[in-house]
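# Descriptive structure summary
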Amino acid sequence: MAVIERINSKGIGEITAEPVRIDKVMQGEKTGYAVIIDRISQDVPFFRTYLKNAAVTGTAVINNPFWWSADDKFFNNCLMTQIGIPVPKTVILPSFDLPTDTTHDSFSNLTYPLNWEAIFSYVGFPAYMKPFAGGGWKSVYRLDNAEEFYQKHTETGQLVMMLQEEIVFEEYYRCYCIGGKYVRVMPYEPRNPFHMRYSASFEASEEKRKQMEEIVLRINSYLGYDFNTVELAVRDGVPYAIDFCNPAPDADQDSVGEENFEWVVETSANYAIERASAQNDETDNLTWGEYVKRSAEGKPLVKKN
């Protein structure tokens, strides 16, 4: 609502904002909106499909619903290894319980037991185990050894989990990126209680801030997110990208603080107006990242100098 109020307060000609209203969804029919900022479809499949119909009929949807519902945290880590972004050593694991409507025969391609020795040697301990998709610090475990891993993995049911190297960091930053060009680097202390995580005792130097901004822009350029946060853990002076797959990142004033909230509201409002001004009913108005664009054009993933 703060973004809606901010857009309307600017008095930009015919551009106004309101909460999306849906009373029917017919295939191939326009929504009447030039831009939709999505903060809920990650939890509501009906809205996700509505947004895909909106996109195909010309609406600029923030974020691209086709992309964020196709990618996941493990794939994004894999992509980072190809474009030169430091990430923790990570492996993906099959769910402990069989998925619904499958049997052991469905997993005939899976060698069992997995090569746990190689997996644990690669990742090391302590390690973190967390879902390959989702967020909100749900079902996240810190593990000190293999025995603890085996015990906790039994609790994860049908969740597909990642096992990830622990980055023991000196500093940690949560970075907003809006429109693939506006970045706000925020000191963040994930070891603090939730309501105090933006109260950190460190601050990035100008050189480190510029380095992190470049990393954040590169990540979002390849993923194609309009609205995303990137978490960076700095170990031995190197920023490691920890979490950067957030189609609806936390922007609550009570958690991010007044100054960060103001930046998000103002930047989001200006970017939405920018997208509405450029929207064309006859074309695709989504943001597509370099990974998709370069792949579709048959170009190398990384530009050669």
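Notes on the structure follow. (Residues numbered from 1 in each chain as written. Predicted model: local features only at pLDDT ≥ 70, side-chain atom pairs only at ≥ 80, totals over all residues. Heavy atoms only, no water.)

### Comments concerning the overall build of the protein chain
Selection criterion: We count a stretch as a helix when DSSP gives it H or I for four or more residues in a row; a strand needs E for two or more, and each element gets its number in order from the N terminus. Here the globule rule reads 2.2 Å times residues to the power 0.38, and the radius of gyration is calculated from C-alpha atoms. Exposure classes here rest on a 1.4 Å probe applied to the protein chains alone. A residue is buried below 20% of its type maximum, exposed above 50%, and partly exposed in between. Residue contacts are defined here by distance: any two heavy atoms, one from each residue, within 4.5 Å place the two residues in contact. The protein chains shown are the only cover counted for residues, whose accessible areas, like all others here, come from Shrake-Rupley with a 1.4 Å probe. In this tally Asp and Glu are treated as negative and Lys and Arg as positive; neither His nor the chain ends contributes. Every charge is mapped to an atom, namely NZ of Lys, CZ of Arg, CG of Asp or CD of Glu.
A tally of helices and strands in the protein chain yields 10 helices and 10 strands. Taking 19 Å as the expected radius of gyration for a compact globule of 305 residues, we find that the protein chain reaches 21 Å, a close match to that expectation. Seen through its C-alpha atoms, the protein chain measures out along the principal axes to roughly 65 × 50 × 45 Å. Considering the protein chain as a whole, with its 305 residues, one finds that 43% of them fall into the buried category. Within the protein chain, residue pairs in contact and separated by at least 24 positions form 66% of the contacts whose partners lie at least 6 positions apart. Total accessible area on the protein chain stands at roughly 16,400 Å², and carbon and sulfur atoms take up 51% of it. Charge-centre separation for the protein chain: the mean point of 30 positive side chains lies 4 Å from the mean point of 44 negative side chains.

### Things to note about the environment of V61
With respect to the helices, strands and loops of the structure, V61 is situated in strand 2 (residues 60–62). Residue classification places V61 among the buried residues on the basis of a relative accessible area of 0%. Taking the C-alpha atoms as reference points, V61 and V35, separated by 26 residues in sequence, lie 5.8 Å from one another. Those residues within four positions of V61 in sequence are excluded, and the remaining contacts are I36, L51, A54, A55, D226 and L286.

### With respect to helix 6 (residues 146–153)
What counts, and what does not: Along the arc lie the directions from the helix axis toward the C-beta atoms. Any pair of N or O atoms that falls within 3.5 Å is considered a polar contact. Within protein, one atom must be able to donate a hydrogen and the other to accept it, and sequence-neighbouring residues count only if both atoms are side-chain atoms.
Within the sequence span of helix 6, burial applies to A146, F149 and H153. Looking down the long axis of helix 6, one finds its buried residues gathered within 55 degrees of arc, a one-sided arrangement. The inward-facing, buried residues of helix 6 contact strand 3 (90–93), helix 5 (116–123), strand 4 (127–131), strand 5 (141–143) and strand 6 (161–165). Residue N145 occupies the N-cap position of helix 6, its side-chain oxygen lying 3.3 Å from the main-chain nitrogen of E147.

### Quick word on unusual backbone geometry
That bond from I62 to N63 is cis: its omega, 5 degrees, falls within 30 degrees of zero. The residue N63 is located in the loop between strand 2 and helix 3 (65–68) in this model. The omega torsion of the bond from Y112 to P113 falls at 0 degrees, within 30 degrees of zero and hence cis. Of note in this structure, D101 is not a glycine but carries a positive phi near 70 degrees. For D101, the position within the fold is in the loop between strand 3 and helix 5. Residue classification places D101 among the exposed positions, given a relative accessible area of 80%.

### Details of the sheet that holds strand 6
Threshold: If DSSP finds at least two bridges between two strands, the strands pair. Lines fitted to C-alpha atoms define the axes here, with helix axes fitted over just the stretch in contact, and angles between the N-to-C directions of these axes take values from 0 to 180 degrees.
If you walk across this open sheet you meet the four strands as 3-6-4-5, and the pairing is antiparallel. Lying at the two open borders of the sheet, with one neighbouring strand each, are strand 3 and strand 5. Within this sheet the neighbouring strands show an average axis-to-axis angle of 25 degrees, counted without direction. This element, helix 4 (residues 73–83), spans strand 3, strand 4 and strand 6 of the sheet and lies at about 150 degrees to strand 3.

### Here we look at the side chain of T267
Assignment of secondary structure puts T267 in helix 9 (residues 258–278). Excluding residues that lie within four positions of it along the chain, T267 makes contacts with I178 and Y182.

### Looking at the layout of surface pockets
Over the atoms rolls a probe the size of a water molecule, and its path tells where empty space is left. Formally: A cavity, in this analysis, means grid points on a 1 Å lattice covering only the protein atoms where a 1.4 Å probe fits yet has no way out; a pocket is instead an open set bounded by protein on both sides within 12 Å along at least five of seven lines, and a residue lines either one if it has an atom within 4 Å of a point. Grid points are joined across faces, edges and corners, and a volume is the space filled by probe spheres set on the points. Following the grouping adopted for this structure description, the nonpolar residues are Ala, Val, Leu, Ile, Met, Phe, Trp, Tyr, Cys and Pro, the charged ones are Asp, Glu, Lys and Arg, and the polar ones are all others, Gly among them.
Roughly 1,000 Å³ of internal volume is contained in the second largest pocket. As for the second largest pocket, its lining consists of 36 residues, of which I4, E18, P19, I36 and I37 are closest to the centre. Contributions of two or more residues to the lining of the second largest pocket are made by helix 1 (2–10), strand 1 (35–37), helix 2 (45–56) and helix 9. Here the lining of the second largest pocket takes seven residues from helix 9, the largest share from any one element. Residue classes in the lining of the second largest pocket are distributed as 27 nonpolar, three polar and six charged.

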